[in-house]
Amino acid sequence: MKVQILDSKGTKIKEISAPPGVLDIPLKEHLIYEAVVRHRANQRRGTASTKTRALVRGGGRKPWRQKGTGRARTGSIRSPLWRSGGTTFGPPPRDYSLRMPKKAKRTALKSALAAKLADKQLMVLDSLEMAEPKTKKGAELMSNLKLSSALFIDQHSNSNLILSVRNIPQAKAVDFNQLTVYDVLDHEHLVFSQRAFDSLMEKLK
């Protein structure tokens, strides 16, 4: 697979070859679906919680004797039938996270990247370095490349890029090691720096 290397103006500089078996695989929709479901499930905190009658404070004493009062028998003022009593079948804290085999995760990411390349929505720039962390610079880069929604992929060390695009609603910058299928699908275009692209290809091959 041939991938074009562009400059910050969108002009072609050269062309490189991607490793075989990375960007030339068929679309695996079922794996992409599983990867997105897993990502969204893992974002859930699962902290919803209610107290059962065993957890509500009070109710350690029987309110009145069993017989002779004319009232219904009861053993605790914290019964679910009472006001301020415990909750029946309420949600406890739980873990929503899902697991996915490493090979399946890698294949899903390769498939998503291959689909972006086939749709001409993947581009590689010779560099994404910025002189200063300014939102204006990030907006200018997107304007030069004629992008309305973009995911920029470089390395953590490029903090100026991260700071320059974080206030742009339809833009995001991530380290190539943290690239997810969800992020790939959530943005119209992918913009790699050449060093991040080479590193990711080496990781996925």
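The coordinates are above.
Residues numbered from 1 in each chain as written. Predicted model: local features only at pLDDT ≥ 70, side-chain atom pairs only at ≥ 80, totals over all residues. Heavy atoms only, no water.

A. Representation of the layout of surface pockets in the model. Roughly 400 Å³ of internal volume is contained in the largest pocket. Considering the residues around the largest pocket, the lining is formed by 20 residues, among which Arg 38, Lys 105, Leu 109, Leu 179 and Thr 180 are closest to the centre. Among the secondary structure elements, those contributing two or more residues to the lining of the largest pocket are helix H1 (29-42), helix H2 (102-118), helix H5 (181-186) and helix H6 (194-204). Looking at the lining of the largest pocket residue by residue, the classes come out as nine nonpolar, six polar and five charged. (1 Å grid on protein atoms, 1.4 Å probe; cavity = no way out; pocket = protein on both sides within 12 Å on 5 of 7 lines; lining within 4 Å. Points joined across faces, edges and corners; volume = space filled by probe spheres on them. Helix = DSSP H or I, 4+ residues; strand = E, 2+ residues; numbered from the N terminus. Nonpolar A, V, L, I, M, F, W, Y, C, P; charged D, E, K, R; others polar.)

B. Structural view of the packing of aromatic side chains. In total, this model carries two aromatic pairs according to the counting rule given. Taking the centre distance of 5.6 Å and the plane angle of 75 degrees together, the rings of Phe 192 and Phe 197 count as edge-to-face. Given the relative accessible area of 1%, Phe 197 is considered buried. Taking NZ or CZ as reference, Arg 44 lies 3.6 Å from the ring centre of Tyr 96, over its face. (Phe/Tyr/Trp six-rings, centres within 6.5 Å; stacked < 30°, edge-to-face > 60°. Buried < 20%, exposed > 50% of the residue type's maximum accessible area, 1.4 Å probe, protein only. Lys NZ or Arg CZ within 6 Å of the ring centre and 35° of its normal.)

C. Just the sheet that holds strand E3 (residues 122-125), in detail. In spatial order, the strands read E2-E1-E3-E6-E4-E5; together these six strands make up an open sheet with mixed pairing. Of all the strands in the sheet, just strand E2 (12-17) and strand E5 (171-175) have a single pairing partner and so form its edges. Between one strand and the next, the sheet's axes are offset by a mean angle of 30 degrees, whatever the strand orientation. Pairing between strand E4 (residues 150-154) and E5: five bridges, direction parallel. (Pairing = 2+ DSSP bridges. Axes fitted to C-alpha atoms, helices over the stretch in contact; angles between N-to-C directions.)

D. Summary view of H6. Taken together, the buried positions of H6 are Gln 194, Ala 196, Phe 197, Leu 200, Met 201 and Leu 204. The buried residues of H6 occupy an angular sector of 160 degrees when projected down its axis, which confines them to one face. Each element contacted by the buried residues of H6 is listed here: strand E1 (2-6), E2, H2, E3, E4 and strand E6 (189-193). (Arc of directions from axis to C-beta. Contact = heavy atoms within 4.5 Å.)

E. Quick look at the pattern of salt bridges. Taken as a whole and assessed by the stated rule, the structure comprises five salt bridges. As a salt-bridge pair, Glu 129 and Arg 195 come within 2.9 Å of each other at their nearest N and O atoms. With a gap of 66 residues between them, Glu 129 in the loop between E3 and helix H3 (135-144) and Arg 195 in helix H6 connect regions that are remote in the sequence. Owing to a relative accessible area of 32%, Arg 195 belongs among the partly exposed residues under this scheme. In this structure, Asp 183 and Lys 172 form a salt bridge, with 3.1 Å as the shortest nitrogen-oxygen distance. Of this pair, Asp 183 sits in helix H5 while Lys 172 sits in strand E5, and the two are 11 residues apart along the sequence. Among the residues examined, Asp 183 registers a relative accessible area of 7% and is labelled buried. Each of Glu 129, Asp 154 and Arg 195 takes part in one network of salt bridges that share partners. (Salt bridge = Lys/Arg side-chain N within 4 Å of Asp/Glu carboxyl O.)

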